[in-house]
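Each chain, letter by letter, is given below.
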Amino acid sequence: QVQLVESGGGLVQAGGSLRLSCVLSGLDFSDYAMGWFRQAPGREREFVAAISRIGDDTVYATSAKGRFTISRDNAKNAGYLQMNSLNPQDTAVYFCGTRWTSSGSDYFTDGMDFWGKGTLDTVSS
């Protein structure tokens, strides 16, 4: 059974940090590129960050660049999003997604094959 589960969300003060985890079970995580997306109430889901299958290439939304870092550990079937210098505008449900690819260095900002159910991050001022 394929499952993709996020964890690490919570409440944090402005200027603080959170680290999100995303674990894929039922498939080999190393066969998939991975990305993070978020959705706030009344807003459309938006891209945050993506990483290639082997982790050699990354891309970030303008809002995340310089503050967030995406990474992965294929031996643990897991991906991560380190978020620093958080502000209230970062408050959202964060989703991880994976997309199969035969190319180790490809990353994707859409077209995910599998989605987690999300984890809520709330940043207070």
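From a predicted model like this one, the values you see are computed outputs, not experimental measurements.

**Student:** If you had to explain the nonpolar core to someone new, which residues and values would you point to?
**Tutor:** Side chains that are nonpolar tend, in soluble globular proteins, to be buried together. Ranked by size, the top nonpolar core spans 23 residues in total, and within it Trp36, Val48, Phe68, Leu81, Met83 and Tyr94 carry the most contacts. For this core, the elements supplying multiple residues, two or more each, are strand 3 (18–25), strand 4 (32–39), strand 5 (46–51), strand 7 (68–73), strand 8 (78–83) and strand 9 (92–100). The element contributing the most residues to this core is strand 3, with 4 residues. Apart from residues no more than four positions distant in its own chain, phenylalanine 68 is found in contact with Arg38, Val48, Tyr60, Leu81, Gln82, Met83, Asn84, Leu86, Asp90 and Tyr94. Listed in part, the 7 residues of the second largest apolar core include Ala33, Phe37, Ala61 and Phe108.

**Student:** So what's going on with the sheet that holds strand 3? Residues and values would help.
**Tutor:** Taking strand neighbours across the sheet as the criterion, the 4 strands line up as 1-3-8-7 in an open arrangement whose pairing is antiparallel. Single-partner strands in this sheet number two, and they are strand 1 (3–7) and strand 7. Ignoring which end each strand starts from, the neighbouring axes of this sheet average 15 degrees apart. Pairing of strand 1 with strand 3, which is carried by 5 bridges, proceeds in the antiparallel orientation. Note that in strand 3 the partner of glutamine 3 across the bridge is serine 25.

**Student:** For the packing of aromatic side chains, give the residues involved together with the corresponding values.
**Tutor:** Under the counting rule described, the total for this entry stands at 3 aromatic pairs. The structure contains a cluster of three or more aromatic residues connected by ring pairs, namely Phe37, Phe47 and Trp115. The ring of phenylalanine 95 has arginine 45 sitting right over it, with the charged end atom 4.3 Å from the ring centre.

**Student:** Can you tell me about the pattern of salt bridges, naming the residues and giving the values?
**Tutor:** Inspection of the entire model under this criterion finds 4 salt bridges. Where arginine 38 meets aspartate 90, a salt bridge forms, and the shortest distance between an N and an O atom there is 3.0 Å. Of this pair, arginine 38 sits in strand 4 while aspartate 90 is found in the loop between strand 8 and strand 9, placing the two residues 52 residues apart along the sequence. The burial state of arginine 38 is the same as that of aspartate 90; both residues are buried. A salt bridge links arginine 99 to aspartate 110, with the nearest nitrogen and oxygen atoms 3.9 Å apart.

About the criteria used
- Residues numbered from 1 in each chain as written.
- Predicted model: local features only at pLDDT ≥ 70, side-chain atom pairs only at ≥ 80, totals over all residues.
- Heavy atoms only, no water.
- Core = buried A, V, L, I, M, F, W, Y, C linked by side-chain atoms within 4.5 Å.
- Buried < 20%, exposed > 50% of the residue type's maximum accessible area, 1.4 Å probe, protein only.
- Helix = DSSP H or I, 4+ residues; strand = E, 2+ residues; numbered from the N terminus.
- Contact = heavy atoms within 4.5 Å.
- Pairing = 2+ DSSP bridges.
- Axes fitted to C-alpha atoms, helices over the stretch in contact; angles between N-to-C directions.
- Phe/Tyr/Trp six-rings, centres within 6.5 Å; stacked < 30°, edge-to-face > 60°.
- Lys NZ or Arg CZ within 6 Å of the ring centre and 35° of its normal.
- Salt bridge = Lys/Arg side-chain N within 4 Å of Asp/Glu carboxyl O.

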